[in-house]
Amino acid sequence: MYDYDLLVVGSANADLVIGVERRPGPGETVLGSDLAVHPGGKGANQAVAAARLGARTALLARVGDDAYGRLLLDSQRAAGVDTVGVLVGGAPTGVALITVDPSGDNSIVVSPGANGRLTPQDVRAAGSLFQASRVVSVQLEIPLETVVEVVRNLAPGSRFVLNPSPPRPLPREVLAACDPLIVNEHEAKVILGDAAVGDSPEDWARILLAKGPRSVVVTLGAQGALAASPEGVSRVPSVKVDAVDTTGAGDAFTAALAFRLGAGAPLAEAAAYAARVGAAAVTREGAQASFPTAQEVAVP
C-alpha cells in the first residue's frame, strides 16, 4: 500500500509577470503593467495539478527562506500537497522573469536559485518518500545528477515519469527508467539529437522508443497527443477549447497522465484523460490557478 499516488521531484519558482505592448530590444526600456507574482515552476505546478485531481501528492523540492518560498509553500498546502519533502534554505527561491505581449507571446528568464541546490544527497535523504510513492514524476529544472539519483532511488514496483523540460541529452540510465518519457516536438528533437528524424510524430516516437524508454508520449498541442509502447502507437485526439493562456498546460497534462497511470489505466486511456485536463487548463489565465478539479474534467 502506497501513502502517495504521486511524488513530484522538481522545481518551485516564483513567476514575476509583466504585460508589455512589445518586448524590448537591446538597450531599450519599455513600460509595462503592474507586476504580478504567481507560484510556479514545473515541479510545483505538477504537484498542484495532481492534488487538484484528487491524487495523494508529495513534493520534493527546495525553496529559499524568503517571501517567495513562503508563497510557494502556501500554494502547495492550499492544494492539499504534502510538503514534508520541501527543503528550505541554501539559496534564494528560484524566480522566473516573464514579459507577455498582447498576442500572448512571452519571453522568460529563469534564475534557478534554490532549485539548482536540490542535490543527490537530498534525494537519498528522502528515501522514505520514494518507498511510499506509487509514481515519481520529474522534470529538468533541477540538476541532471539529481534526476539520475532519483532513478537510482525508485522503490521496487514504482513508476518513473519524465518530462525532459528544458530539454537536454539524457543518460541511458535515465531513458531506460522512463515509463513514459513525455515530450513535445521540440523536446523530442533535442533528445533524438543526430538520430534520423522522420516527418511524422509516429516516427519520432518509434525512434525515441528505440533509445530505451519503456513508453513514450508525444504531445502535439491542438493536434492532441500520441502514445507509444512496444505494443504499438496510437493517436490521442485533442479536446477543442478556446485557449486563453497556455501557461502550465504541459505540467497539468503530465501530472494527470502520471496519476492515471498509477491508478492502473492503460497508456492511451491515461493520455486521453491528460488531454482533457490540459485543455481545461488553457481556458483560464495563469498556471496553478488554472488547473481543474476531477469533477471539472469528468466525462458526462
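Residues numbered from 1 in each chain as written. Predicted model: local features only at pLDDT ≥ 70, side-chain atom pairs only at ≥ 80, totals over all residues. Heavy atoms only, no water.

### Remarks on the overall build of the protein chain
- The number of helices and strands found in the protein chain is 10 helices and 13 strands.
- Relative to its length of 300 residues, the protein chain is compact, with a C-alpha radius of gyration of 18 Å against a globular reference of 19 Å.
- By principal-axis analysis of the C-alpha atoms, the protein chain measures approximately 55 × 45 × 45 Å.
- Looking at the 300 residues of the protein chain, the share that counts as buried comes to 53%.
- For the protein chain, contacts bridging at least 24 residues in sequence account for 64% of all contacts bridging at least 6.
- Accessible surface for the protein chain amounts to roughly 13000 Å². Of this, 53% is attributable to carbon and sulfur atoms.
- Within the protein chain, the 31 negative side-chain charges are centred at a point lying 5 Å from the centre of the 24 positive side-chain charges. (Helix = DSSP H or I, 4+ residues; strand = E, 2+ residues; numbered from the N terminus. Rg over C-alpha atoms; globule rule 2.2 N^0.38 Å. Buried < 20%, exposed > 50% of the residue type's maximum accessible area, 1.4 Å probe, protein only. Contact = heavy atoms within 4.5 Å. Areas by Shrake-Rupley, 256 points an atom, 1.4 Å probe, with all protein chains shown as cover. Lys, Arg positive; Asp, Glu negative; His and termini not counted. Charge placed at Lys NZ, Arg CZ, Asp CG, Glu CD.)

### Some details on the environment of D242
- Here D242 is to be found in the loop between β13 (232-236) and α9 (249-262).
- In this structure the C-alpha to C-alpha distance between D242 and D203, which are 39 residues apart in sequence, comes to 30 Å.
- When near neighbours in sequence (up to four residues on either side) are disregarded, D242 contacts V282 and T283.

### Comments concerning the packing of aromatic side chains
- Applying the stated criterion across every chain, the model contains zero aromatic pairs.
- Geometry around Y273 places R260 over its ring, the cationic atom sitting 5.4 Å from the centre. (Phe/Tyr/Trp six-rings, centres within 6.5 Å; stacked < 30°, edge-to-face > 60°. Lys NZ or Arg CZ within 6 Å of the ring centre and 35° of its normal.)

### Topic: the side chain of T57
- When you line up the elements, T57 lands in strand β4 (residues 57-63).
- Beyond its immediate sequence surroundings of up to four residues, T57 is in contact with Y4, L6, V8, A47, A50, A51, G80, V81 and D82.

### Describing the pattern of salt bridges
- Scanning all chains against the criterion turns up 13 salt bridges.
- The salt bridge partner of R159 is D179, with a shortest N-O separation of 3.3 Å. Of this pair, R159 sits in strand β9 (residues 159-162) while D179 sits in strand β10 (residues 178-183); the two residues are 20 residues apart in sequence, bridging distant segments of the chain.
- A residue is classified by how much of its surface remains accessible, and D179, at 16% relative accessible area, is buried. (Salt bridge = Lys/Arg side-chain N within 4 Å of Asp/Glu carboxyl O.)

### What about the pairing of β10?
- Of all the six residues making up β10, six are buried; the element is thus mostly covered by neighbouring parts of the structure.
- For β9 and β10, the ladder comprises two bridges, and the chain directions are parallel. Across the sheet, residue F160 finds its bridge partner in β10, namely C178.
- Since β9 and β10 lie parallel, the crossover through helix α6 (residues 172-177) that links them has a hand, and here it is right-handed.
- Here three bridges tie β10 to strand β11 (residues 216-219), and the two strands are oriented parallel to one another. The partner of V183 across the bridge, within β11, is V218. (Pairing = 2+ DSSP bridges. Right-handed = clockwise from strand over helix to strand, strands pointing away.)

### Considering unusual backbone geometry
- The residue after S165, namely P166, is reached through a cis peptide bond having omega -5°.
- A cis amide bond links D179 with the next residue in sequence, P180, at an omega value of 10°.
- If you trace the backbone, P180 turns up in strand β10.

### Regarding helix α7 (residues 185-192)
- Those residues of α7 that fall on the buried side of the exposure criterion are E187, A188, I191 and L192. Viewed along the axis of α7, the buried residues span an arc of 130°, placing them on a single side of the element.
- For α7, the secondary structure elements touched by its buried residues are α6, β10 and α8 (201-210).
- The opening residue of α7 is N184, an N-cap whose side-chain oxygen sits 3.2 Å from the backbone nitrogen of H186.
- Just past α7, the residue G193 takes up positive phi, approximately 60°. (Arc of directions from axis to C-beta. Polar contact = N/O pair within 3.5 Å; in protein donor to acceptor, adjacent residues only side chain to side chain.)

### Here's the deal with the nonpolar core
- L53, L59, F253, L257 and V277 are the most contacted members of the largest nonpolar core, which totals 46 residues.
- Sorting the residues of this core by element identifies β1 (4-9), α1 (42-52), β4, α2 (67-79), β12 (225-229), α9 and α10 (267-281) as the ones contributing at least two each.
- For this core, the element with the most residues is α10, which contributes nine residues.
- Sequence-distant contacts of L257, defined by excluding residues within four places in its chain, comprise P180, I182, V217, L267, A270, A271 and A274. (Core = buried A, V, L, I, M, F, W, Y, C linked by side-chain atoms within 4.5 Å.)

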